[in-house]
Every structure is written in structure tokens, then in C-alpha cells.
Amino acid sequence: MSEAHAHSVAFVRESALPPAPPPVTEAGVIGWMRQNLFATWANALLTIAAIYFIYLLLTATLPWILGGIWAADSLAECRDILEGRSAACFAVLAERWNQLLFGFKYPDEYYWRPGIAFILLFVAAAPVLFFDLPRKLLIFTAIYPFLAYWLIWGGTIWSPAFAALGFVAGYVIFDVYGKHNFAAGFFGGIVAALVVWWLSGYLMSAEGSTLFSGPGLIANALGAAAALVAYLLLRKNTEPIIAVGSALLLFVVWWAVIAPALMFRIALLLGIAIADGGASAITLSDIGVLEPVQSRDMGGFMLNMILGVVCVSLSLPLGIALAMGRQSSMPLIRWISVVFIEFIRGVPLITLLFVANVVLAYFLPPGTTFDLILRVIIMITMFASAYIAEVIRGGLAALPKGQYEAANSLGLDYAQAMRLIILPQALKISIPGIVNVSVGLFKDTTLVSIITMFDLVGMIRGPILASTDWNGVYWELFSFAAVLFFITCYGISQYSQWLERRLATDHR
Amino acid sequence: MKKSVFLGALTVAGLAAGAAAAGTLDDVKARGTLNCGVTTGLVGFAAPDANGVWQGFDVGVCRAVAAAVLGDANAVEFVPTTGKTRFTALASGEIDMLARNTTWTFSRDVDLKFEFIGTNYYDGQGFMVPKALGVSSAKELDGATVCIQTGTTTELNLADFFRKNNISYEPVPIETSAEGQQQYLAGACDTYTTDASGLASLRAAFEKPGDHVILPEIISKEPLGPLVRHGDNEWGDTVRWTLNALIAAEEMGITSANVTEMSAKAGDSPEVNRLLGTEGNLGEMLGLDADWATKAIMAGGNYGEIFEKNIGENTPIGLARGLNAQWTDGGLLYSPPFR
């Protein structure tokens, strides 16, 4: 180049100049401020107005918060300490934090139980929420509901354990048969679960539990082992149903005929007297017992969490089922779904809660105790699932018809098409809507304070504000509630945004 | 399996229904606890303390009944009820008695099929004004703006009172007591009206309670009392005479401090002896132990002691006895004789 112009141009620079730093006003903090805060006169004015507004807000609230009193026994004492200054009286939180979190009747020596359940909730939720984690962790997720129930409500571990066993039995049957025929697996699973629950009900009863006295346990364990061996032997060359059936039959025969005789032999061998009907032996219901806590003793933020977590997790599968039911080609299923969704959506939640609390009391015979939390969970779940069903229906409707046709052309049946092609896409579209419903539902759990359940807001409105000591403390208590709810709801919202980014496979 | 559970539930329900028919008193004894309906929280009347133990004036009645029937003042299962759920809870048998500052009115007694067993607090609607307003009687409130909860009997009472006295007012409708407090303190209305006990507890929460006065006029009758279901007179008698025992104990000078000593042996006063069970068989007539009233008084003291401890002049609520003094002191408390 330079050669070519050497004769016509006096000077040609042969090397590039080092880049000069940008002007001070365009770089660093100043540059950022010029670009973002003071780009135009209008922007500058808005910035200054906003800063002034924030300043006003902080000067009004910060001294109130930072100068708050944490140690006092009553509002009157707070006011004495403050001597006319305006500051928060956080002493109410210091004194009543346990009531705000756990309700006023949960025994304080057992606060660790819901505490552990809360921590384990994250462990259990992690593999569901973050699908990069090892799938084996899902086993703990499956155990968690029963573990949490046992921790929070207490009582014997066997009721939740047998309940879980019923689900396992149902799942095994479904796994075996569901692959060939969805309906057979589904209903077979339900029957298996019911059988297990019926059997466990007998085992939990007084006569059943003596079987688990030392000798009985050994005798029955032998029976179970024999049944297992029979199953394993038969499994190879017969239908699974015959293998399972013969194994069960063998165990029942063993348990009814052989075990009682064996029990005496073992008892003689071990020198244990079972003439007293096994009363001295350890019975099933003595093992793994936590001090039981009644449902009506639950309260505070724990109650909000229980209701929120349970109802969201239950309403999601129900909502999916309803949404698919609404699109079903079977008229009866479609009508049932439509009527359910439209009816529930047309009724305010508070009405459903009143039905759960008040009206059911008239229909149930006097003295029946149908757990109030269970009633409320059923009502809130119904309510939420109707909304989620509509959100998911939106997702289903947004899918191009070609997706359904593609699934059909591949020869997939309805269950396979839904599971493999339609739902993964429809659910992805529905995430913002589902999260919206979940956040709303979580906040709606405070409505139970109207039907005399002492959730966080109920505790504040009722017992704490009505105590002689703290009558008149509004801001501190409701701010505390707001902070707790904000943390939870903001967390849910952040998760959903992460999920949307993670699942973004299209190129927009 | 479903069927057997269902039948089992029916059997249990049938047994329970049979037991309910056998009488609330027997039910309570068999159960070992008294199910007592209270408010979800009303300052001085019922609220759990920092340890979760229910305290308050209405709670005192529940505890006295539990002590009289079961011998243990703590054998009470407190069932919190709201204004909307309280009557359902009682009618459905969820609670044995309701002690929830409930006004005794004709329709509740007759139409709703409840039995008010007496009055434990004579309340009435009053007015609170800032001292700075310089008003000393409600009749001087001509043209005032009045904060009033909508949809309550207080609203009707207010209209009646101003019409009767031929003066005018401007209502400022509010929804809740907390809202009323804010509006009143912000100066949105000259005066706030609700039950006098409510005004007193509201004022107790003010930063400067001394700047506000409750006017002497009480413009309505609000007798608050415990109630039970219609048709179980034995149980009604038990609750009624437990309340009467507390009132009579104050009249006779029996307190939680001296009740042990006085009930140890028969004294000079025949009525005290009959009440405390050292003479006669009043307890047997009720189907209770002879010392039922002694245990009721031990639970929290006599009526006056319960009053002073929870809502009396030495508490932040600071209610004077007023109408709730013994008849001998010019009040309305008048227990029928124990004879």
C-alpha cells in the first residue's frame, strides 16, 4: 500500500495508533450514569424526582426500623422506652415468633419436627424442580410426604408407612401392566393399593399387631421369605399375575395355618410365654412413635406452608387430568370436567372454605371428626386444580394441530401421545400461568383465618392483637407476615423464570 | 373394604349420636374435657398468652364450669369461633357451651334454639371522643361525624338515639375495629361508637389513652352471656348455677384465697355451707360432687376476682364494675339463692 502511494502522498502512517481511552464522560460510572440516568433533560428530571422519592421513603422508614425495640414485655413498655419517639416495637416478634411460625398450640418441645420437615422439603423438592440432579433422588421425594406427615403430626410411623406401601404396591402393578394396557395397569394399581391398605388396617388393629410380637415376627418373616422365593421361581416361566397371585396365596396360607403353630414352637424355643396373648411382647404400634399433635393445634406460617405445598402439588396432576378431560372425546368425561371446572371457578374460595368448615358440620353426624385441615386441603385443591386446568388447557390449545397428528401417525396411543409429545410442550407453555396460580394459591391460604384456623394472619388478627400486652401493634406484625410471604413468592417466581430460560428450546 | 369402613363409620356415628342424646353432662364427663367455644381473640375476654394458654374473662367462665364438672380447670378444649361460625359450632354439637361475648336477644334465644344461661357481662353501646373536643355528654354531639361499623346493631342503635334526642349526625362507615381505630385517631370522625367494653379496650391500646374519654351515656342494652343448646336442661342448669356460684361467692365473701379454709368444715352461714357443699346436697341434685362450687371458685376465684384480673380497673383495659357490680353495690348482678 505505502509503496503505491509513496510518490503522491507526503506521509503515510505505517502502524496503527494505540486506541485512546474513551472520554471521561463516556466511560465508567459517569458514562453509565450519563447513558442510563441523565441521557436527556426529561430523564434527568425523572431521575432526580425518583431519588428524592426514595430518600423520603427511606428517611421515613429506616429510623423506624433501625430504632426498633426488641426487648420489652408489652406495647406499653415499648412506648415507655421510646419516650414519644416513633419507632417499631419488634418486641412482639421476639416474644411471639414461635406462635407466628407454629401457631399457639403446637408443643414447643417439638418445634424441631416441623423444622426438620421444612428443611427436608428442599431436599425432596430439589430433584423435581432441578431435573439435572440425579434421578435416584426422586426416591426420597416419594418418601417425603409420608415422612413429613409423621414428623409434623406425630403418632406411629406405621400408618404413613403402610399408606406409602399401598402406593408402592399400586405403582408396581401399574408398572407391570400399564406398559401393555394403561387402563388395566391403572385400575389394577388402585385395587392393589386398596388391598394393602385393608391388610395394614388389620395389622394395625389390636389382634393384628400381636403378630408382630417377637415370635410372630419371625414366623411371618419366614412366610414372606417363602412367598418371595415362590414368586422368583414362578416369575421366569409364567405370567406375572400368576406369580404374584401364588406368592400372595402362599403367604396367606402360611400366615393363617403355619405361622400360628410355628409361633408356639419359636416361643417355646426362645422361652417366651405368649399365653397372655402377646400383651407383654412389643407390638407394632409401639415402634416409631412420636408424640401425636392434633390438626387443630397446627398454626402460624407452618399451616400456610402445609396448605400451600400440599395443595399446589396435588392440584397440578388433578389440573392436568381435568384439562385433558375437558378435551376428551368421551362426552361423559368431558361434561364432568366442564361442570367441575366451571362450577369451582364460579364460586369464591371463601365460600368453599365456609362449606368445609360450617356446612359439613351439619351433614356429618355429631361426634364425627373429619379432620379440618383435610377438609380445607380438599377444598383449596379443588379450587386450584380448576384454575390450573384452564391454564393447561390454554397450553394444549396453543399447540399446533400437527403435533397431535404427528403423534397419531407414529402409532402412539392416547396415553403415550400425551406423555411423550403433547404434555411436555403444553406444560412448558403453561409455566408462567401455573406459577401465577401457585403464587396466588399460596397467598390465598391466609383466607383460612376466616374459618378460625390460626395461620400466620389468623394468629396476628386473633390471639396476638387480642392479647392485653400487644393490642395495637399492627405495622410490625403485618410487615413480618409480608416479608415471609414475599420471600416465598419471590422464590417461586425466580424459579419459574429460571425454568423458562432452561427450557427455552425455540429460537426467538 | 370401602363398605366395611363406611359401616364402621356409621356405627361410630350412631354410637356418638346415642351418646349425644344421653346428655351433654354425661358426654363431658365421659370425654374428660369440656369443649368451650370462645372468640378467636378479644382483648380481656379471651386470647391465648405467650405460652398458648387461654386467658380472659369469658375463658374464666369456661374454666369454672370445667372445674365444677370435671374437677380440673385445665380440662377445657377451647374452640375458637368467629361471629359467623359460633352458632353453627354450638348447634352442631362441636362445642358444649359458648362463652363468646354474645348478646342475649329474643331471636337468638327463641328462634335459633339456644338457651342463654345468664349474663356474665352487662355491656352497652357508648361513645368515645377526644378530650380536646370538650364534650361531656352524648347529647351534645349534634352535627358530629360518627365512625360506625356497618351492618351491626350498633348502627341501628345510633340512629335511634340521635332521632330520639332530635339531633343530627353524619355517619363515617367502617368495616373493622382496627379500621375504626385508624379513622378515629386520624380525625376522620369526631366520635367512635361501639360497645363500651370494646371502646375501653380500644382506648387502652392508644398511645395516649388519657386524651380520650368515654361518654357516660350507654344507649343500648347488650347483656353478654354464655349459652347452651335448647333441650338439655340438666346441662343448662349445670352451667347456669356454676355462673351463679361465682356471683354468689363474691356476694358472700368467698374468694380463691379463703375458699379452701371455708369449705374445710361447715361454718356459721348456712347458705355458704350449702354452696360449698359442707351442708345439704345441692351438688347431688346437679349430678356433681358435693364440692363442685368450691372447685369452680378455686379455678379462678369468684366473679369479682375474674373481673379484676382480666378487665378490671387495674388492667390496661380498665373497666369499672358499673352495671356489673353486685346488686348490693348498685349493680345488676343478682344470683338466685342457693337453697
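Conventions used here
- Residues numbered from 1 in each chain as written.
- Chains lettered and ligands numbered in written order.
- Predicted model: local features only at pLDDT ≥ 70, side-chain atom pairs only at ≥ 80, totals over all residues.
- Heavy atoms only, no water.
- Helix = DSSP H or I, 4+ residues; strand = E, 2+ residues; numbered from the N terminus.
- Buried < 20%, exposed > 50% of the residue type's maximum accessible area, 1.4 Å probe, protein only.
- Contact = heavy atoms within 4.5 Å.
- Areas by Shrake-Rupley, 256 points an atom, 1.4 Å probe, with all protein chains shown as cover.
- Pairing = 2+ DSSP bridges.
- Axes fitted to C-alpha atoms, helices over the stretch in contact; angles between N-to-C directions.
- Parallel < 35°, antiparallel > 145°, perpendicular 65-115°, else oblique.
- Nonpolar A, V, L, I, M, F, W, Y, C, P; charged D, E, K, R; others polar.
- Arc of directions from axis to C-beta.
- Buried area = accessible area lost by both parts, 1.4 Å probe.
- Salt bridge = Lys/Arg side-chain N within 4 Å of Asp/Glu carboxyl O.
- Polar contact = N/O pair within 3.5 Å; in protein donor to acceptor, adjacent residues only side chain to side chain.
- Patch = residues over 30% accessible without salt bridge, like charges linked within 9 Å, V, L, I, M, F, W, Y side chains within 5 Å.
- Disulfide = S-S within 2.5 Å.
- pLDDT = per-residue confidence, 0-100.
- Phe/Tyr/Trp six-rings, centres within 6.5 Å; stacked < 30°, edge-to-face > 60°.
- Core = buried A, V, L, I, M, F, W, Y, C linked by side-chain atoms within 4.5 Å.
- Lys, Arg positive; Asp, Glu negative; His and termini not counted.

**Overview of the overall build of chain A**
Turning to step 1, where the next piece is worked out: When helices and strands are counted, chain A shows 20 helices and 2 strands.
Turning to step 2, where the next piece is worked out: The buried share of chain A, reckoned over its 508 residues, is 36%.
Turning to step 3, where the next piece is worked out: Contacts in chain A between residues far apart in sequence, at least 24 positions, make up 68% of those at least 6 positions apart.
Turning to step 4, where the next piece is worked out: Surface summary for chain A: the accessible area is close to 29300 Å², and the carbon and sulfur share equals 72%.

**A few points about the sheet that holds strand β12 (residues 212-214) of chain B**
Residues and elements named next belong to chain B.
Turning to step 1, where the next piece is worked out: As summarised here, the arrangement of the 5 strands in space is β10-β9-β11-β8-β12, forming an open sheet in which the pairing is mixed. Unpaired on one side and paired on the other, β10 (169-174) and β12 mark the two borders of the sheet. With strand direction ignored, the average angle separating the axes of adjacent strands in the sheet is 30°.
Turning to step 2, where the next piece is worked out: Here strand β8 (residues 125-130) pairs with strand β11 (residues 191-195) via 4 bridges, running antiparallel. The residue bridging Gly126 from the neighbouring strand is Thr194, located in β11.

**Examining the packing of helix α9 (residues 233-252) of chain B against helix α14 (residues 303-310) of chain B**
Residue and element names in this part refer to chain B.
Turning to step 1, where the next piece is worked out: Relative to each other, α9 and α14 sit at 95°, their axes nearing to 6 Å. Between α9 and α14, the interaxial angle falls into the category roughly perpendicular. Packed against α9, whose contacting residues are Leu246, Ile247 and Glu250, the element α14 presents Tyr303, Gly304 and Ile306 at the interface.
Turning to step 2, where the next piece is worked out: Of the residues belonging to the contact of α9 with α14, the class tally is 4 nonpolar, 1 polar and 1 charged.

**Re helix α2 (residues 24-31) of chain B**
Residues and elements named next belong to chain B.
Turning to step 1, where the next piece is worked out: Those residues of α2 not exposed but buried are Thr24, Leu25, Asp27 and Val28. Here the buried residues of α2 occupy an arc of 160° about the axis, which is enough to place them on one side.
Turning to step 2, where the next piece is worked out: Downstream of α2 by a residue or two, Gly32 has a phi angle that is positive, lying close to 85°.

**Some remarks on the interface of chain A and chain B**
Accessible area lost when the parts come together is the quantity often used to give the size of an interface.
Turning to step 1, where the next piece is worked out: With 31 residues of chain A in contact, the opposing surface of chain B contributes 36 residues.
Turning to step 2, where the next piece is worked out: Together, the buried faces of chain A and chain B total about 2700 Å²; carbon and sulfur atoms form 63% of this surface.
Turning to step 3, where the next piece is worked out: Between B:Glu77 and A:Lys105 there is a salt bridge; the shortest N-O distance is 2.8 Å.
Turning to step 4, where the next piece is worked out: In this structure, the connection of chain A to chain B is made through 6 residue pairs in polar contact (both at pLDDT 80 or more).
Turning to step 5, where the next piece is worked out: At 5 residues, the largest contribution of residues to the side of chain A that touches chain B is made by helix α15 (residues 349-363) of chain A.
Turning to step 6, where the next piece is worked out: Of the residues belonging to the side of chain A that touches chain B, the class tally is 16 nonpolar, 10 polar and 5 charged.

**As for a nonpolar patch on the surface**
All names here are of chain A.
Turning to step 1, where the next piece is worked out: A cluster of nonpolar side chains, contributed by Val24, Val29, Ile30, Trp32, Met33, Phe38 and Ile48, occupies part of the molecular surface with about 690 Å² of accessible area.
Turning to step 2, where the next piece is worked out: Top contributing element to the nonpolar patch by residue count: helix α2 (residues 28-36), with 4 residues.
Turning to step 3, where the next piece is worked out: Secondary-structure assignment places Val29 in helix α2.
Turning to step 4, where the next piece is worked out: Residue classification places Val29 among the exposed residues on the basis of a relative accessible area of 61%.

**Observations regarding the state of the cysteines**
Turning to step 1, where the next piece is worked out: A complete count under the given rule lists 3 disulfides over all chains for this structure.
Turning to step 2, where the next piece is worked out: Here A:Cys78 engages in a disulfide with A:Cys89; their sulfurs sit 1.9 Å apart. On the S-S bond that ties A:Cys78 to A:Cys89, the torsion sits near 80°, and the link is right-handed. On the criterion of sequence distance, the pair formed by A:Cys78 in helix α4 (residues 75-82) and A:Cys89 in the loop between α4 and α5 (91-102) is long-range, its members being 11 residues apart.
Turning to step 3, where the next piece is worked out: Covalently, B:Cys36 is tied to B:Cys62 through a disulfide, its sulfur atoms 2.0 Å apart.

**Concerning the confidence of the model for chain B**
Residues and elements named next belong to chain B.
Turning to step 1, where the next piece is worked out: Across chain B, pLDDT averages 87, with 93% of residues at or above 70.
Turning to step 2, where the next piece is worked out: Taken together, the stretch residues 1-20 has pLDDT below 50 and engages in 10 contacts with residues farther than four places along the chain or on a different chain.
Turning to step 3, where the next piece is worked out: Per the prediction output, this complex has pTM 0.80; the corresponding ipTM is 0.79.

**Points about the environment of A:Leu93**
Residue and element names in this part refer to chain A.
Turning to step 1, where the next piece is worked out: Positionally, Leu93 belongs in helix α5.
Turning to step 2, where the next piece is worked out: In sequence terms Leu93 and Ser409 are 316 residues apart; their C-alpha atoms lie 63 Å from each other.
Turning to step 3, where the next piece is worked out: Setting aside residues no more than four positions away along its own chain, Leu93 makes contact with Trp70, Leu100, Glu476, Leu477 and Phe480.

**A look at the packing of aromatic side chains**
Residue and element names in this part refer to chain A.
Turning to step 1, where the next piece is worked out: All told, the structure shown has 42 aromatic pairs over all chains when counted by the stated rule.
Turning to step 2, where the next piece is worked out: With a centroid separation of 4.2 Å and 15° between ring planes, the pair formed by Phe102 and Tyr111 is classed as stacked. Taken as a pair, Phe102 and Tyr111 share a single burial class, namely buried.
Turning to step 3, where the next piece is worked out: When the centroid spacing of 5.4 Å and the interplanar angle of 90° are considered together, the rings of Phe301 and Phe485 count as edge-to-face.

**Re the nonpolar core**
Turning to step 1, where the next piece is worked out: In this structure, A:Met298, B:Met97 and B:Trp235 are the most contacted members of the largest nonpolar core, which totals 149 residues.
Turning to step 2, where the next piece is worked out: Among the elements that line this core, the one with the most residues is helix α18 (residues 414-444) of chain A, at 13 residues.
Turning to step 3, where the next piece is worked out: Once you skip the residues sitting within four places of it in the chain, B:Trp235 turns out to touch B:Thr24, B:Leu25, B:Val28, B:Leu34, B:Val65, B:Val69, B:Asp96, B:Met97 and B:Val228.

**Side note on the side chain of B:Arg100**
Residue and element names in this part refer to chain B.
Turning to step 1, where the next piece is worked out: Relative to the elements of secondary structure, Arg100 occurs in the loop between β5 (97-98) and α5 (106-110).
Turning to step 2, where the next piece is worked out: Buried within the structure, Arg100 lacks any salt-bridge partner; its nearest side chain of opposite charge belongs to Asp58, at an N-O separation of 7.7 Å.
Turning to step 3, where the next piece is worked out: Within the structure, the side chain of Arg100 is placed 3.0 Å from the backbone oxygen of Thr81, a separation counted as a polar contact.
Turning to step 4, where the next piece is worked out: Excluding its chain neighbours within four sequence positions, the residues that come into contact with Arg100 are Gly37, Val38, Thr39, Asp58, Thr81, Thr82, Gly83 and Arg86.

**What to know about the pattern of salt bridges**
Turning to step 1, where the next piece is worked out: Per the counting criterion, the structure on display carries 17 salt bridges over all chains.
Turning to step 2, where the next piece is worked out: Here A:Arg326 makes a salt bridge to A:Glu390, at a shortest N to O gap of 2.7 Å. Linking A:Arg326 in helix α13 (residues 300-326) with A:Glu390 in helix α16 (residues 372-398), this pair joins segments that are 64 residues apart in sequence. There is no split in this pair, since A:Arg326 and A:Glu390 are both buried.
Turning to step 3, where the next piece is worked out: Note that B:Arg240 is salt-bridged to B:Glu115, the shortest N-O span being 3.0 Å. Of the two residues, B:Arg240 is situated in helix α9 and B:Glu115 in strand β6 (residues 114-116); the sequence distance between them amounts to 125 residues.
Turning to step 4, where the next piece is worked out: With a relative accessible area of 16%, B:Glu115 lands in the buried category.

**Some details on the side chain of B:Glu222**
All names here are of chain B.
Turning to step 1, where the next piece is worked out: Mapping Glu222 onto the fold places it in strand β13 (residues 222-224).
Turning to step 2, where the next piece is worked out: Buried Glu222, no salt bridge; nearest opposite-charge side chain is Arg108, N-O distance 6.7 Å.
Turning to step 3, where the next piece is worked out: Among the polar contacts listed, one links the side chain of Glu222 to the side chain of Ser220, at a separation of 3.1 Å.
Turning to step 4, where the next piece is worked out: Setting aside chain neighbours within four positions, we find Glu222 in contact with Thr103, Tyr121, Tyr122, Asp123, Gly124, Gln125, Thr153, Asn157 and Asp195.

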